[in-house]
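Topology and contacts: notes
Residue-level listing of the chains:
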Amino acid sequence: MSCNTNRNLLRQAISRAASSITTLASAALLISLPSANAQDIVPKLTRVDESRANITLDGRLDESVWQQIPVIDGMRVITPDTMVSASLRTETKIFYTDRGIYVGIMNYQPSDSLVARMTPRDTRLERDGVVISIDASGEGLYGYMMRVNLGGSKTDGTILPERSMNMQWDGSWDAETSEVEGGWAAEYFIPWSMMALPRSQGDSRQIGIYLERQVGHLNETWSAPALPSTVNEFLSAFQKFELENIEPRTQLTWYPYVSTTHDAVRDDTELRAGVEVFWRPTSNTQLSATLNPDFGNVETDDVVVNLTAFETFFPEKRAFFLEGQDVFATSPRNQSARGPGGPTTLLNTRRIGSAALYRVPAGVTTVATDLSAQSDLIGAAKFTGQNGSLRYGVLVASEDDMDIRGVRPDGSVVRLEAEGRDFTVGRLLYEDTSGGARRSIGWMGTSVSHSAVDAVVNGIDMHYFSADTRWVFDGQVVNSDVNGVQGNGAFADLIYQPQRGQQHRIAAGYHDDKLELNTLGFLTRNDLMHFDYNYTRNESNIEGLRSRSTSIFLFNQWNGNNDWVRQGIFGTRNYTYLNNHSSMVSLRYYHRRIDDRLGRGSGDFYVPGRWQFVANWETDPAQPIRYTAGVDANSEDLGENFLTTSVGVSYRPVSHFSMALDLSYAEREGLLVYRGNGRYTSFEGHQWSPKFTLDYFIDARQQLRFGMQWTGLKAFENKFLQVNPNRIEQLREVAKPNLTDDSFIISRLSFQARYRWEIAPLSDLFVVYTRGGNLPGSAFDDYSGMLVEAWSKPVVDTLVVKLRYRLGS
């Protein structure tokens, strides 16, 4: 059967499944839901004609319209969660027009206590800042968070129930700040076109609003309504406000781009141009598409040395895949490691445009960076929307065919070709918020079509949040069919919060040995069952402390043979002192377990039980100089010592300049590496990992950043071991099997110099120089020589100039 036939059959299967669920969901919409209590009084926000608003966004709040808008205050301290009234006034004024929402916030504060720090977008840092979060659904189903800090640096993200944040999203809102008499002020404009708004019933609609203020010199966070992280409720508890006669008109926005990339390693220059289009035909639907997209190297991933059998997860950073992505979230585990290892998700968009699937003939050599290079995309499209209680989304993407150069043993050159993959994703989600509780059920299906891979994954997810806010449940069942091999899995998380500051969480899961999500999703491993329990307690108003938190975590994970693959207990304490210094201590015990992955099927072996002690210290982060220190005393798989120490310092003498240096050193006495055929080598390892960043801001919209990260590891062969394939026991030490020295080095370098000019919201000019090195394992030298050689022999050496500009409504 041809590849095209397979693709058509797979798409027809997904289409039929989506049609069936749509029919069921549409029938469910006919059920009458209880109406809200007519006696409930919801305050109204002030509506102003756009022509009368006449706002110049400068953070001054000096336009006459601001004097006519009522003040909102009532903030309470939520960090630490004392819940006492805030010690300083915060006056917030909000009004709206046909175009969007305007927010003005006056933050009263002594001028000598202001903490202004400019940072790249979405950087978490202790300083003075304010947040407005909006529940656009009005029912606690999805929302948007927008923060501006004194100096103009911004942070934003989307929110899913109850407190699941996607901080990779960037919205088209804008804000400015200024220091004024009596403190500082912030001024926002948030366009309706940025938000998905459900179709209104009549002439009015409701939205939820949450206000937050961070006071840097006090190291406190205040909010209204008061919703500390020690309670379950968040998005559903936003203060409701009524809006009248808001039905935003059709919105059409497009982002043309042009970029040029010079690759010094290949001595090649590439010019690209393309466009991304976002069309919102109604307030609750959006169609987005990208043609000839450019996902140029304007950001770098962290340098990671991974010698395990498990894949490293990297988050999505490409704007097209982040926009409107929340409907595709099926579990809190999608973004955080609530279960074993990394996230668990059916959709990891980093798979789209990842390394092509080349077939390299025996004896043909290739350049490693060619094999790992991203695939080009022909295009991608996404449609998301809402109809009553039903939300839906469709995502399709198609990769271009790729080719690279290979060399035969006789020196002749051959071109290796790889066929591009086609990706399809469908999503339906039905939500019910009647009676004060939230219940939802959803379906998501994914398809990957390729001549070597035909994969279909389907999942049903269920969610519940009790009306008394004490119980939270999230669960999902999944089925995968990859090249005719079917696998199944299920996982669930249950949270019970008897009172503020105390929480019990149970996480359980089952993944059979045939479950395969990694064609388009992410799963750390299959053939795994787990049952974990976590208790946390947060306390404030403790004598001599600002706050203290305690966590006890018990985990039990086993495979299909009922062998423990991970089991233990963690006890952790976090302290924040009166001078804003903080510390963490954690004592951990790992029970004896089976390792069934490192040997890649050559045989399992016992790993003895061990203890681990972790401690960290951090000075007051609001000060111009901040110090950190940490120690991690652990044991290797064979029981030898594994000690990691780390120190760090950050320096921020003025608001527009900062630099930070972090340095870690690991001393390993038994680094275990699989060598094939059931054979292992234990190494004595020494690893240095420095990371340096320097930021200079010409102003809040123009930034120069220099960043370098390097990892240098020397591993000297120590012992040689063999697994017993016939029974499970500890690895047996054996004589050296050959005369070849197994010792090796790793020297990986990543450097980036970046200029970014935010010309307008979501309109940027980037000039980015990226250089990366990865030395061969036999290139022994001293550490300074390894660093210099990684720089002087780059495998990545590119200069990218990219202009992306937002046009339209």
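Residues numbered from 1 in each chain as written. Predicted model: local features only at pLDDT ≥ 70, side-chain atom pairs only at ≥ 80, totals over all residues. Heavy atoms only, no water.

**Re the overall build of the protein chain**
Note the threshold: The numbering of helices and of strands both runs from the N terminus, where a helix is a DSSP run of H or I of at least 4 residues and a strand a run of E of at least 2. We compute the radius of gyration from the C-alpha atoms alone; for a globule the expected value is 2.2 Å times N to the 0.38, where N is the number of residues. Throughout this description, buried means an accessible area under 20% of the type-specific maximum (1.4 Å probe, protein chains only), exposed means over 50%, and partly exposed covers the range between. Residues count as neighbours in contact if any of their non-hydrogen atoms are within 4.5 Å of one another. Only the protein chains shown count as cover for residues, and all accessible areas are computed by the Shrake-Rupley method using a 1.4 Å probe. Positive residues here are Lys and Arg, negative ones are Asp and Glu, while His and the chain termini are left out of the count. Taken as the charge centre is NZ of Lys, CZ of Arg, CG of Asp or CD of Glu, depending on the residue.
Helix and strand counts for the protein chain stand at five helices and 43 strands. Its C-alpha atoms give the protein chain a radius of gyration of 28 Å, near enough to 28 Å, the size a compact globule of 809 residues would have. A principal-axis box enclosing the C-alpha atoms of the protein chain has dimensions of 85 × 65 × 55 Å. Counting across all 809 residues of the protein chain, residues that qualify as buried make up 52%. Partitioning the contacts of the protein chain with sequence separation of at least 6, the portion at a separation of at least 24 is 62%. In the form shown here, the protein chain has an accessible surface area of approximately 35,500 Å², with 53% of it arising from carbon and sulfur atoms. Charged side chains of the protein chain number 79 positive and 96 negative; the gap between the two group centres comes to 2 Å.

**Observations concerning the side chain of S440**
Tracing the backbone through its elements, the reader meets S440 in strand β22 (residues 438-449). Excluding residues that lie within four positions of it along the chain, S440 makes contacts with L429, Y430, E431, D461, M462 and H463.

**Structural notes on the sheet that holds strand β9 (residues 174-180)**
Rules: Here, strands pair whenever DSSP counts at least two bridges between them.
If you trace the five strands from one edge of the open sheet to the other, you get β1-β3-β4-β10-β9, paired in mixed fashion. Every interior strand has two partners, whereas the edge strands, β1 (46-47) and β9, have only one. In this sheet, strand β10 (residues 183-191) lies alongside β9 in antiparallel orientation, the contact comprising seven bridges. For S178, the partnering residue across the bridge sits in β10 and is A185.

**Focus on the confidence of the model for the protein chain**
Detailed reading of predicted coordinates is not advised where the pLDDT is low. So the rule is basically this: The predictor attaches a confidence to each residue, and that confidence, scored 0 to 100, is pLDDT.
On average, residues of the protein chain score 89 in pLDDT, and 93% of them are at 70 or above. A low-confidence stretch, residues 1-39 (pLDDT under 50), is modelled with 36 contacts involving residues beyond four sequence positions or located in other chains.

**Some thoughts on a negative patch on the surface**
Formally: The patch calculation keeps residues exceeding 30% relative accessible area without a salt bridge and links them within 9 Å when they carry like charges or within 5 Å when they are nonpolar (Val, Leu, Ile, Met, Phe, Trp, Tyr). Salt-bridge detection follows one rule: a side-chain nitrogen of Lys or Arg within 4 Å of a carboxyl oxygen of Asp or Glu.
A cluster of acidic side chains, namely D376, D400, D401 and E417, defines a negative patch on the protein surface. Locating D400 in the fold gives a position in the loop between β18 (390-399) and β19 (402-407).

**Things to note about unusual backbone geometry**
A cis amide bond links T79 to the next residue, P80, at an omega of -5 degrees. Relative to the helices and strands, P80 resides in the loop between β2 (76-79) and β3 (90-96). For the bond from P161 to E162, the omega torsion is -15 degrees, close enough to zero to count as cis.

**Here's the deal with the side chain of R593**
Take R593: it is sitting in strand β31 (residues 593-595). Take R593: its relative accessible area is 17%, and that puts it in the buried class. With residues up to four places along the chain from it excluded, the contact list for R593 reads W564, V565, R566, F605, Y606, V607 and D637.

**Some points on the packing of aromatic side chains**
Any aromatic ring pair is given by two values, namely how distant the centres are and how the planes are angled relative to each other. Selection criterion: Two rings from Phe, Tyr or Trp (for Trp, the six-membered ring) form a pair when their centres sit within 6.5 Å of each other. Planes less than 30 degrees apart are called stacked, planes more than 60 degrees apart edge-to-face, and all others tilted.
For the structure shown, the criterion picks out 31 aromatic pairs. Note on Y210 and F234: the rings are 5.0 Å apart at their centroids and 70 degrees apart in plane angle, and the pair reads as edge-to-face. Of this pair, Y210 sits in strand β11 (residues 204-215) while F234 sits in the loop between β12 (220-224) and β13 (239-244), placing them 24 residues apart in sequence. Given the relative accessible area of 1%, Y210 is considered buried. You can call F234 buried: its relative accessible area is 3%. When the centroid spacing of 5.1 Å and the interplanar angle of 75 degrees are considered together, the rings of F555 and F570 count as edge-to-face. Of this pair, F555 sits in strand β28 (residues 545-558) while F570 sits in strand β29 (residues 564-577), placing them 15 residues apart in sequence. The exposure class of F555 is buried, given its relative accessible area of 0%.

**Concerning a nonpolar patch on the surface**
On the surface, L252, W254, W279, L287, F383, V394, V396, Y805 and L807 cluster together to form a nonpolar patch covering roughly 700 Å² of accessible area. Within the residue set of the nonpolar patch, elements represented by two or more residues are β14 (251-263) and β18. Position of W279 relative to the elements: it lies in strand β15 (residues 268-280). Overall, the relative accessible area of 37% leaves W279 in the partly exposed class.

**A look at the pattern of salt bridges**
Applying the stated rule across the entire model yields 45 salt bridges. Across the salt bridge formed by R421 and E399, the nearest N and O atoms sit 2.9 Å from each other. Here the residue R421 occupies a position in the loop between β20 (413-418) and β21 (422-432), and E399 occupies one in strand β18, the gap between them amounting to 22 residues. Neither R421 nor E399 differs from the other in exposure class; each is buried. Here R701 makes a salt bridge to E758, at a shortest N to O gap of 3.8 Å. Taken together, the residues R701 in the loop between β37 (679-699) and β38 (702-722) and E758 in strand β40 (residues 744-760) connect sequence positions 57 residues apart. Sharing partners across several salt bridges, the network here consists of R121, K154, D156, D170, D174, E176, R701 and E758.

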